[in-house]
Amino acid sequence: MSATRFAPSPNGRLHIGHAFSALCAHDFARAFGGKFLLRIEDIDGTRSRPEHIAAIIDDMAWLGLHPDGAPLFQSQRIANYAAALERLKEKGLVYQCWCTRSEIAEALKQQPVRHGPDGPVYPGTCRGRSGGDGDFCWRLDMEKAVALTGPLSWIDLAAGPQIANPAIFGDVVLWRKDAPASYHLAATLDDATDAISHVVRGMDLFAYTAIHRLLQQLLDLPQPLYWHHPLLLDDSGEKLAKSRASKPLSELREAGESGAAIVAALRRGQLPLGITLSRP
């Protein structure tokens, strides 16, 4: 049986872009007789707030996108993430990093800068370092990891077969200084735990699939299929985002608008005024 998930972070209110993503995952599951799960990614330190969790659940009910079963919470899975990190430690694939952002910026000034999808790639300052002071994160030794797994690939249902090239990201953080597991480690493990067969999410996460495929291979996790759907853009051509103060669903709900009508319009391809769909 197929299974999809909608996995928002409760660090702000959902907007119409989230509604579109939830709808894509929901309708995909329903079309194939599968399960649709709601997973709350609530390990983002103090930014994860109870009132936002309540609002997510209310928004989903208002939209009529009902998950199968109760919401799942990342905060209840820290032990699972820690166990995976220990496995990577045993393989010698992670190392401690004490660098601050300012120290990384200064190090990048001293050598040629390699850029990846997230910008300048971490220069490996702490790789091979024996110790340091203060808090530290855990980084993946990308060169060792890629050498261990060999070539990787994955399938996107819209874009077709893809070659995974996680090396372009450099030594990514897997365990953060200010919170538990990074998005990459937590989401990859959660999809395996929840038996997600099809990861339905926005195109803004397309490139990160290479990292997730790498982690799946390193940790002997199943490989799902992917569908990265288009994004909703505002009138400036930027994706809708909490950080850009995109109008929250809760405002529409409190104003008496119909969530069912919004979902029906999205299914017909009718977007709110000023909002467009990104191109592939």
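**Student:** Give a detailed account of helix 5 (residues 142-149), specifying residues and quantitative values.
**Tutor:** Residues of helix 5 that are buried: Met 142, Ala 145 and Thr 149. When helix 5 is viewed along its axis, its buried side chains cluster within an angular range of 65 degrees and face the same direction. Exposed side of helix 5, more than 90 degrees from the buried face: Glu 143, Ala 147 and Leu 148 are the residues found there. Tucked into the core, helix 5 has its buried residues touching strand 7 (137-140), strand 8 (152-156) and helix 7 (209-218). Once helix 5 finishes, Gly 150 follows within two positions and takes phi at roughly 75 degrees, a positive value.

**Student:** I'd like a rundown of the environment of Arg 101, residues and numbers included.
**Tutor:** Structurally, Arg 101 can be placed in helix 4 (residues 101-109). In this structure, the C-alpha to C-alpha distance between Arg 101 and Glu 51, residues 50 residues apart in sequence, is 31 Å.

**Student:** I'd like a description of the sheet that holds strand 3 (residues 72-73), backed by residues and values.
**Tutor:** Spatially, the 3 strands line up as an open sheet ordered 1-2-3, and their pairing is parallel. Taken across any chain shown, the strands that pair with only one partner, and hence form the sheet edges, are strand 1 (3-6) and strand 3. Sheet analysis places strand 2 (residues 35-40) next to strand 3, joined by 2 bridges and oriented parallel. Paired with Ile 40 across the strands is Phe 73, a residue of strand 3. Here helix 1 (residues 16-31) sits on the sheet and contacts strand 1 and strand 2; the angle it forms with strand 1, its principal contact strand, is near 165 degrees. Relative to strand 2, helix 2 (residues 50-63) is tilted by about 155 degrees, and along the sheet it contacts strand 1, strand 2 and strand 3.

**Student:** I'd like a description of the layout of surface pockets, backed by residues and values.
**Tutor:** Taken as a whole, the second largest pocket encloses approximately 320 Å³ of empty space. Taken together, 18 residues form the lining of the second largest pocket, with Ile 16, Lys 247, Leu 252, Pro 272 and Ile 275 sitting closest to its centre. Counting residues per element, the lining of the second largest pocket draws most heavily on helix 9 (residues 259-267), which supplies 3 residues. Considered class by class, the residues forming the lining of the second largest pocket number 10 nonpolar, 4 polar and 4 charged.

**Student:** With reference to specific residues and values, describe the packing of aromatic side chains.
**Tutor:** Summed over all chains, the structure comprises 7 aromatic pairs. Arranged with centres 5.5 Å apart and planes meeting at 55 degrees, the rings of Trp 98 and Phe 136 form a pair that is tilted. Note that Trp 98 is positioned in the loop between strand 4 (94-97) and helix 4 and Phe 136 in the loop between strand 6 (119-120) and strand 7, a separation of 38 residues in sequence. Residue classification places Trp 98 among the buried residues on the basis of a relative accessible area of 9%. Relative to Trp 138, the ring of Phe 136 has its centre 5.9 Å away and its plane inclined at 80 degrees; by these criteria the two rings are edge-to-face. When its relative accessible area of 31% is taken as the criterion, Phe 136 is described as partly exposed. The exposure class of Trp 138 is buried, given its relative accessible area of 15%. Among the aromatic residues, those joined into a cluster by ring pairs are Phe 28, Phe 32 and Trp 227. Arg 139 extends its terminal NZ or CZ atom over the ring of Tyr 122, reaching a point 3.6 Å from the ring centre.

Rules used in this analysis
- Residues numbered from 1 in each chain as written.
- Predicted model: local features only at pLDDT ≥ 70, side-chain atom pairs only at ≥ 80, totals over all residues.
- Heavy atoms only, no water.
- Buried < 20%, exposed > 50% of the residue type's maximum accessible area, 1.4 Å probe, protein only.
- Helix = DSSP H or I, 4+ residues; strand = E, 2+ residues; numbered from the N terminus.
- Arc of directions from axis to C-beta.
- Contact = heavy atoms within 4.5 Å.
- Pairing = 2+ DSSP bridges.
- Axes fitted to C-alpha atoms, helices over the stretch in contact; angles between N-to-C directions.
- 1 Å grid on protein atoms, 1.4 Å probe; cavity = no way out; pocket = protein on both sides within 12 Å on 5 of 7 lines; lining within 4 Å.
- Points joined across faces, edges and corners; volume = space filled by probe spheres on them.
- Nonpolar A, V, L, I, M, F, W, Y, C, P; charged D, E, K, R; others polar.
- Phe/Tyr/Trp six-rings, centres within 6.5 Å; stacked < 30°, edge-to-face > 60°.
- Lys NZ or Arg CZ within 6 Å of the ring centre and 35° of its normal.

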